[in-house]
Amino acid sequence: FHSHTDTEVLLTAYIHWGQALLTHLVGMFAFAILDTQKQTLFLARDFFGIKPLYYTQWENGFAFASEIKALLQLPQINRNINPQRLYDFLTCGLTDTGSETLLTSIQQIPAAHCLEISLIQPKEAIAQRSATRCPPKRYWHINTEQTLDISFTEAAAQCREIFLENINLHLRSDVPVGVALSGGVDSSSIVMAMRYLNPDQEIHSFSYTAEDPSVNEESWIDLVVKAAQTCSHKTQPTPQELIQDLDRLIDTQDEPFGSTSIYAQHRVFRLAQQNGIKVMLDGQGADELLGGYYPYLAARLASLLRQGKWLKARQFFEKICQFPGASQYPFFKQALGLFLPLSLKAEIKTYLGRPSFPLWLNRHWFEQHQVKNSSIPRLKGQDLLKAQLLQSLDTSLLGLLRYEDRNSMAHSLESRVPFLTPKLVNFLFSLPEDHIVSPDSTTKAVFREAMRGILPDPICTRRDKIGFATPELNWLTTLDPWVKSILNSEMAHTIPVLNIHFIQQEWQSILEQKTPFDFRVWRWLNLIKWAEKNQITFE
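Only a predicted model underlies this, so the values are computations on that prediction, with no experimental measurement involved.

### Some thoughts on the overall build of the chain
Then, number 1: A tally of regular secondary structure across the chain gives 26 helices and twelve strands.
Then, number 2: In summary, the chain has a C-alpha radius of gyration of 24 Å against a globular reference of 24 Å for 539 residues, a match within 12%.
Then, number 3: Referenced to the eigenvectors of the C-alpha coordinate spread, the extents of the chain come out at roughly 70 × 60 × 50 Å.
Then, number 4: For the chain, with 539 residues in total, the buried portion stands at 54%.
Then, number 5: Across the chain, contacts joining residues at least 24 apart in sequence account for 73% of those joining residues at least 6 apart.
Then, number 6: Across the chain, the mean location of the 51 positive side-chain charges is 4 Å away from that of the 56 negative side-chain charges.

### Describing the pattern of salt bridges
Then, number 1: According to the stated counting rule, one finds 28 salt bridges in the structure shown.
Then, number 2: A salt bridge links Glu 241 to Arg 267; the nearest nitrogen and oxygen atoms lie 2.9 Å apart. You can see Glu 241 sitting in helix 8 (residues 239-253) and its partner Arg 267 sitting in helix 9 (residues 261-274), a full 26 residues away along the chain.
Then, number 3: Close ionic contact of Asp 247 with Lys 529 constitutes a salt bridge, the shortest N to O distance being 3.9 Å. Of this pair, Asp 247 sits in helix 8 while Lys 529 is found in helix 26 (residues 520-534), placing the two residues 282 residues apart along the sequence.
Then, number 4: With a relative accessible area of 42%, Asp 247 lands in the partly exposed category.
Then, number 5: Residues participating in the shared-partner salt-bridge network are Lys 51, Asp 405 and Arg 406.

### Regarding the packing of helix 5 (residues 152-170) against helix 18 (residues 422-429)
Then, number 1: Packing of helix 5 against helix 18 brings their axes to within 10 Å, and their N-to-C directions diverge by 165°. The angle between helix 5 and helix 18 falls in the class roughly antiparallel. Classified by chirality, the crossing of helix 18 by helix 5 is left-handed. From helix 5, Ala 155, Gln 158, Cys 159, Ile 162, Glu 165 and Asn 166 reach across to helix 18, where they touch Lys 423, Leu 424, Phe 427 and Leu 428.

### What to know about the nonpolar core
Then, number 1: Residues Leu 22, Phe 31, Leu 289, Leu 290, Phe 419 and Leu 428 are the most contacted members of the largest nonpolar core, which totals 89 residues.
Then, number 2: Element by element, the count of residues in this core is highest for helix 11 (residues 295-306), at eight residues.
Then, number 3: If near-sequence neighbours (up to four positions away) are discounted, Leu 290 is found in contact with Phe 419, Leu 428, Ile 436, Thr 443, Lys 444, Val 446 and Phe 447.
Then, number 4: Counting residues in hydrophobic clusters, the runner-up holds 56 residues, among them Ile 68, Leu 71, Phe 357 and Leu 361.

Cut-off values and rules
- Residues numbered from 1 in each chain as written.
- Predicted model: local features only at pLDDT ≥ 70, side-chain atom pairs only at ≥ 80, totals over all residues.
- Heavy atoms only, no water.
- Helix = DSSP H or I, 4+ residues; strand = E, 2+ residues; numbered from the N terminus.
- Rg over C-alpha atoms; globule rule 2.2 N^0.38 Å.
- Buried < 20%, exposed > 50% of the residue type's maximum accessible area, 1.4 Å probe, protein only.
- Contact = heavy atoms within 4.5 Å.
- Lys, Arg positive; Asp, Glu negative; His and termini not counted.
- Charge placed at Lys NZ, Arg CZ, Asp CG, Glu CD.
- Salt bridge = Lys/Arg side-chain N within 4 Å of Asp/Glu carboxyl O.
- Axes fitted to C-alpha atoms, helices over the stretch in contact; angles between N-to-C directions.
- Parallel < 35°, antiparallel > 145°, perpendicular 65-115°, else oblique.
- Left-handed = near helix turned anticlockwise from the far one by under 90°.
- Core = buried A, V, L, I, M, F, W, Y, C linked by side-chain atoms within 4.5 Å.

Rendered as structure tokens:
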């Protein structure tokens, strides 16, 4: 068999293996195959949900698309909000999890799932088959049953081999390949691996830099650029440009997004397009696989507590507290939250008098719609770090992958994520937890060791975590008149889930530095603008 197109490869593989073709694939995909011999429609989405696939059903009809906005053009589709998904977004910033979307009428094929619909039955019978009666089925699971008896040095060597193999695979292209560079361990490793594998290749790196020194990674970016000898391109968006581009960004993303960092990413892809790049590599997924965020330290501490390793837990906690600017209370609180049973946590909350709903939410509306305080299941087992990493792959990572996919495709770019292959993921989940987060509280321990000699030492030993972080408080403070115009808008007063008068007071209190700032402010604004633009209903 010879071909130059991926579509022909998929069709031939389907003819040869049927649905089993999915486990032979590597990379990102979302596709539909109409099988005229079996009289079926077969839909499938890649292992990690890198690419999107939505569908909807109504009387006498079924439709699927890669974007929600395409399905919203159908006259049969309502635009009513999904209360549980709305609560998850507003309180936790979670989107894109499971099979539901923010709209009750539209579902998605979850990551590592497929859906087959028979066309042999009468049309009326097909149309009436609901998603619950004909649910997508999972075709691949991460292997969490095996823990390798392997030394840290051996694990690092294998990790290095698989990672370099992934980079080599993702560099296959007949057009120039660029790379998104933040200056962190993950993106820097991709850049340096590209240089290691192709000493003479011209590499174009694209970076976001912030005006605020506290979130500016330019010095780290420049260090990698110098080491890899890349052609460096940088963008530094302003808050005024965010407002100018916001309608387009909301249209691009289809659903609300958790912070203005998504705009920074949007600008990086725009910069790549302006420089003629068609394919980009990006480090998405590494944090969720290798415990890159600080809350994973709490999960590792909770693991030690649940396993009864009290001395190691104490030593680990002491190491955490040595972080620059680290506060003992948040880490211990998070670890305790993972360690304690749900019933005891609920009693503690009641004792402290903490509301289960923030005051800026209309509790009555959510209770009327039977919304749960948390739709995320409790972590189980002894290895709570692994459990939380696995949960992150099914929850928070999916939103990040959606942002990445929509921002890149809006600029006609194919963004590839070489950390997310079944081989590397299964390997990392087979390692002992202290290979991922070391006893001295070093995150991504095995990967850092794997990249020694390739990655510059200062990057390899970085302990801070920034990414494409924007100075969101500074931006929104600068845009205060615009923020107040949104909070005072007719749409803001129409949305029944928000206590808009309390929100207005809260924003003023934040401006006066009486109330702490966090991502909730952007979620308010983004929800209002998104609901207005898409004529969302809240029934």
